[in-house]
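Residue-level structure breakdown
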Amino acid sequence: MKNLEIYKALAIETLKGLITIQSYSKEEYLAADLMEKVLKSYQYETHRKGNNVWAFGKHNAEGKALLLLNSHLDTVNASASWTKDPFEPLVEDGKLYGLGSNDAGGCLCSLMATFIALDEMEQPYNLVFAASAEEEISGKNGFELIQDEIGKIDIGIVGEPTLMQMAIAEKGLMVLDVEAKGKSGHAARGEGVNAIEKAMKDLQWFQTYKFDKESDILGSVKMTVTQIAAGSQHNVVPDSCRFVVDVRSNEHYSNQELFELINQQIESDVKARSFRMNSSCIDLKHPLVQAGIKMGRSYYGSPTTSDQAIMKGFPTLKFGPGDSARSHTADEFIYLSEIEEGIEIYYQLLNGLEIQG
């Protein structure tokens, strides 16, 4: 394997720079500027739309499959629980602390460094690296905004913290707004129709119902009631009970199909905020997955969603340094060794890999 030390240092220094920049969703402008600056310093022609930045390999040629290396620039908002400065890159005991260090700055910078390392020589495939926006809010001005600009993509690696094990499938996400309607009245006289009591039957259904089709790798569809609101004062029978349901789909159901099944089963009014975030998976037989298995990488199904859900028309593998359990936590960190190992594994996996278009 080639000497990757220069690329490991590049990834770590770039990540330290990103940590100093507040890059909440929809506010990634300065982070995108930094990524452009780094890519241009390696003589890449960068492309930009909104807060998304991408660059193609210098050896790309017609007739070869296109491999996408992608992760996101945005972070969640820093919580009040941080005991360290979330925007100061602090290294202690081999850990790099900072907001977005683990989710997903370590992945983003490791993929960027791997992109440059791989592109030193012609590969059997074409390369494109993309740093995208609004992943944390599933926004429409992120990767969706640039997929058509990039053109036909044949395979993608989505950088998210997976401990460098292969997430070959991930659950989809659909958020439902549900309302049970009643009729207001005086609580002392038992007047009206209590919307809370009407909602209880549907709440119980969401808690106990099991969909028929289970996935070998993703398991069953999971529905969780996460918010509820009803009533205006203690002596008024509520005429409305609203609640929110988080639905995590497996690959056997589209979000549209699940919505129709749910709507048939409950009495309350239900609306889906979006059907965009469907489940995704990649075939175990795909050359990328098989190459990972030969390297000793394990595979699993991920319960959390990423930009995989909005990538249309090509298979993707979620794969990156860091630990998902650290994402969105106070005093977030990534081990420097995880970044270094990530670049080594990415390079070993992808260098010379045969991919069909």
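Refer to the preceding data block for the structure.
What counts as what
Residues numbered from 1 in each chain as written. Predicted model: local features only at pLDDT ≥ 70, side-chain atom pairs only at ≥ 80, totals over all residues. Heavy atoms only, no water. Pairing = 2+ DSSP bridges. Helix = DSSP H or I, 4+ residues; strand = E, 2+ residues; numbered from the N terminus. Axes fitted to C-alpha atoms, helices over the stretch in contact; angles between N-to-C directions. Contact = heavy atoms within 4.5 Å. Core = buried A, V, L, I, M, F, W, Y, C linked by side-chain atoms within 4.5 Å. Buried < 20%, exposed > 50% of the residue type's maximum accessible area, 1.4 Å probe, protein only. Salt bridge = Lys/Arg side-chain N within 4 Å of Asp/Glu carboxyl O. Lys, Arg positive; Asp, Glu negative; His and termini not counted. Polar contact = N/O pair within 3.5 Å; in protein donor to acceptor, adjacent residues only side chain to side chain. Parallel < 35°, antiparallel > 145°, perpendicular 65-115°, else oblique. Left-handed = near helix turned anticlockwise from the far one by under 90°. Nonpolar A, V, L, I, M, F, W, Y, C, P; charged D, E, K, R; others polar.

Looking at the sheet that holds strand β18 (residues 333-335)
Pairing in this open sheet of three strands is antiparallel, and the strands run β4-β5-β18 from one edge to the other. Two strands lie at the open edges of the sheet, namely β4 (90-92) and β18, each paired on one side alone. Strand-to-strand twist of the sheet, defined as the mean angle between neighbouring strand axes without regard to direction, takes the value 25°. Of the pairings in the sheet, the one linking β4 to strand β5 (residues 95-97) comprises three bridges and is antiparallel in character. Bridge pairing in β5 links Val91 to Leu96. Sheet strands touched by helix α3 (residues 101-118): β5 and β18. Its angle to β18, the strand with the most contacts, is close to 45°. Where helix α8 (residues 336-350) meets the sheet, it contacts β4, β5 and β18, and its direction lies at approximately 60° from that of β18.

Quick word on the sheet that holds strand β9 (residues 172-181)
Strand pairing in a sheet is mediated by backbone hydrogen bonds. Such pairs are either parallel or antiparallel. Taken in spatial order, the four strands line up as β11-β13-β9-β14 in an open sheet, and their pairing is antiparallel. In this open sheet, the two strands that pair with only one neighbour each are β11 (222-230) and β14 (269-272). When the angles between neighbouring strand axes are averaged without regard to direction, this sheet yields 20°. As paired strands, β9 and β14 are joined by four bridges and run antiparallel to one another. When the sheet's bridge partners are listed, Asp177 is paired in β14 with Lys271. Here helix α5 (residues 195-208) sits on the sheet in contact with β9, β11 and β13 (240-249), set at roughly 10° to β13. Across the sheet, helix α6 (residues 255-265) lies against β9, β11, β13 and β14, angled at about 25° from β9, the strand it touches most.

Section: the nonpolar core
If you look at the biggest cluster of nonpolar residues, it comprises 58 residues, and the most contacted ones within it are Leu69, Phe115, Phe129, Phe319 and Leu350. Ranked by size, the runner-up nonpolar core spans 21 residues in total, among them Met174, Leu176, Val221 and Val247.

Points about the pattern of salt bridges
This model, assessed by the stated rule, comprises 19 salt bridges. The residue Arg326 makes a salt bridge to Glu338 at a minimum N-O spacing of 2.9 Å. Taken together, the residues span a long stretch of sequence, with Arg326 in the loop between β17 (316-318) and β18 and Glu338 in helix α8 at a distance of 12 residues. Like Arg326, the residue Glu338 is buried in the burial classification. Salt bridges sharing partners connect three or more residues here, namely Glu5, Lys8 and Glu344.

A word on the side chain of Asp119
By the element assignment, Asp119 lies in the loop between α3 and β6 (126-132). No salt bridge is formed by the buried Asp119; the nearest opposite charge belongs to Lys58, separated by 5.5 Å. Among the polar contacts made by the side chain of Asp119, one reaches the side chain of Tyr44 at a distance of 2.7 Å. If we ignore the near neighbours within four places in the chain, the residues touching Asp119 are Tyr44, Gly57, Lys58, His59 and Leu127.

Some words on the packing of helix α1 (residues 5-19) against α3
Two numbers describe how α1 lies on α3: the axes approach to 9 Å, and their chain directions differ by 140°. As the angle between them shows, α1 and α3 are arranged oblique. Remark: the crossing between α1 and α3 carries right-handed chirality. Taking contact as the criterion, the partners of Tyr7, Leu10, Ala11, Thr14, Leu15, Leu18 and Ile19 in α1 are, on α3, Ser101, Gly105, Gly106, Leu108, Cys109, Ser110, Met112, Ala113, Ile116 and Ala117. Across the contact of α1 with α3, the residue classes tally to 12 nonpolar, five polar and no charged.

Structural notes on the side chain of Asn126
Within the fold, Asn126 resides in strand β6. Excluding residues within four positions of it along the chain, Asn126 makes contact with His59, Asn60, Ala61, Lys64, Ala65, Leu66 and Leu67.

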